[in-house]
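Architecture and fold: a report
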Amino acid sequence: MSELTKKALAASAAEILRKKSLDKITIKEITDSCGLTRNTFYYHFQDIYDLLSWMLVKEADEILDRFDNEELWEAGFLEGLNFLYENRSMINHIYKSINREDLESYLDRVGGIYALRLVKVQAEGLGISKAAEKIAAEFFLNAFLGIVTRWIANDMDMKPETLAKLCNAMFQGTVVAALESAEKFLDN
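Quick caveat: nothing in here was measured; it's all calculated off a predicted structure. (Residues numbered from 1 in each chain as written. Predicted model: local features only at pLDDT ≥ 70, side-chain atom pairs only at ≥ 80, totals over all residues. Heavy atoms only, no water.)

The next point concerns the pattern of salt bridges. Taken as a whole and assessed by the stated rule, the structure comprises seven salt bridges. For glutamate 29, the salt bridge is made with lysine 20, and the minimal N-O distance between the two is 2.8 Å. For glutamate 29, a relative accessible area of 26% translates into the label partly exposed. Measuring nitrogen to oxygen at the nearest pair gives 3.7 Å for the salt bridge that ties lysine 134 to glutamate 138. (Salt bridge = Lys/Arg side-chain N within 4 Å of Asp/Glu carboxyl O. Buried < 20%, exposed > 50% of the residue type's maximum accessible area, 1.4 Å probe, protein only.)

Moving on, we get to the packing of helix H8 (residues 130-153) against helix H10 (residues 174-187). Look at H8 against H10: their axes get within 8 Å of each other, and the N-to-C directions meet at 130 degrees. Between H8 and H10, the crossing angle belongs to the class labelled oblique. Classified by chirality, the crossing of H10 by H8 is right-handed. Mapping the contact onto sequence places Ala131, Ala132, Glu133, Ile135, Ala136 and Phe140 in H8 and Thr174, Val175, Ala178, Leu179, Ala182, Glu183 and Leu186 in H10. In terms of residue class, the contact of H8 with H10 is made up of 10 nonpolar, one polar and two charged. (Axes fitted to C-alpha atoms, helices over the stretch in contact; angles between N-to-C directions. Helix = DSSP H or I, 4+ residues; strand = E, 2+ residues; numbered from the N terminus. Parallel < 35°, antiparallel > 145°, perpendicular 65-115°, else oblique. Left-handed = near helix turned anticlockwise from the far one by under 90°. Contact = heavy atoms within 4.5 Å. Nonpolar A, V, L, I, M, F, W, Y, C, P; charged D, E, K, R; others polar.)

Right, let's get into unusual backbone geometry. Here aspartate 155, not a glycine, exhibits a phi torsion of approximately 55 degrees, which is positive. Here aspartate 155 falls in the partly exposed class, since its relative accessible area comes to 44%. Positive phi values are uncommon outside glycine, yet methionine 156 reaches one of about 50 degrees. With a relative accessible area of 3%, methionine 156 lands in the buried category.

Take empty space enclosed by the protein next. Tallied over the entire structure, the rule returns two cavities of 30 Å³ or more. Estimates place the volume of the largest cavity at around 110 Å³. Looking at the largest cavity, the residues that line it are Phe77, Gly80, Leu81, Leu84, Tyr106, Leu107, Val110, Gly111, Tyr114, Phe144, Leu145 and Val148. Broken down by secondary-structure element, the contributors of at least two residues to the lining of the largest cavity are helix H5 (69-86), helix H7 (101-123) and H8. Residue contributions to the lining of the largest cavity peak at five residues, all from H7. In terms of residue class, the lining of the largest cavity is built from 10 nonpolar, two polar and no charged. Of all the secondary structure elements, the ones that give two or more residues to the lining of the second largest cavity are helix H1 (2-17) and helix H4 (48-65). In terms of residue count, the dominant contributor to the lining of the second largest cavity is H4 (four residues). (1 Å grid on protein atoms, 1.4 Å probe; cavity = no way out; pocket = protein on both sides within 12 Å on 5 of 7 lines; lining within 4 Å. Points joined across faces, edges and corners; volume = space filled by probe spheres on them.)

These figures capture arrangement, not role.
Structure below.
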């Protein structure tokens, strides 16, 4: 029952976020929308930001669970972009609100796992150390975050498919080069 209650609160919050900015939403609005009480809300979440964080992490985990390492980069990245694009009014309200740490945390969580999996797949058979993999993954994570954050800031002015193909083209071949450079640097 607890998971259903959380989902009901999340669905209400998402619906309201499509219409108004995060900093303009109240807990009363959310609970009234789904027919629950404020006490029920506070039983499950500390505040709206806690609910938002739960919503975004849940979505990220569902996307990541659907793909294995090989598929994750292209198909998983595209699905993550599609989620953001399909919910762009909600994402823009979060992005333009006073507190955007939850959105950044979502992007960091998803992007970090994408980057790590991308690097691990590319590192197979190269004899690359874990330290070099970690550095390369952090490098590509920051590239992902920069690209996706700019895309959101520019009102998602590019279709998700185009952005995913562009990222794939830019990262093609550069991952192995980054891994080899990091390994060489760490050896010195």
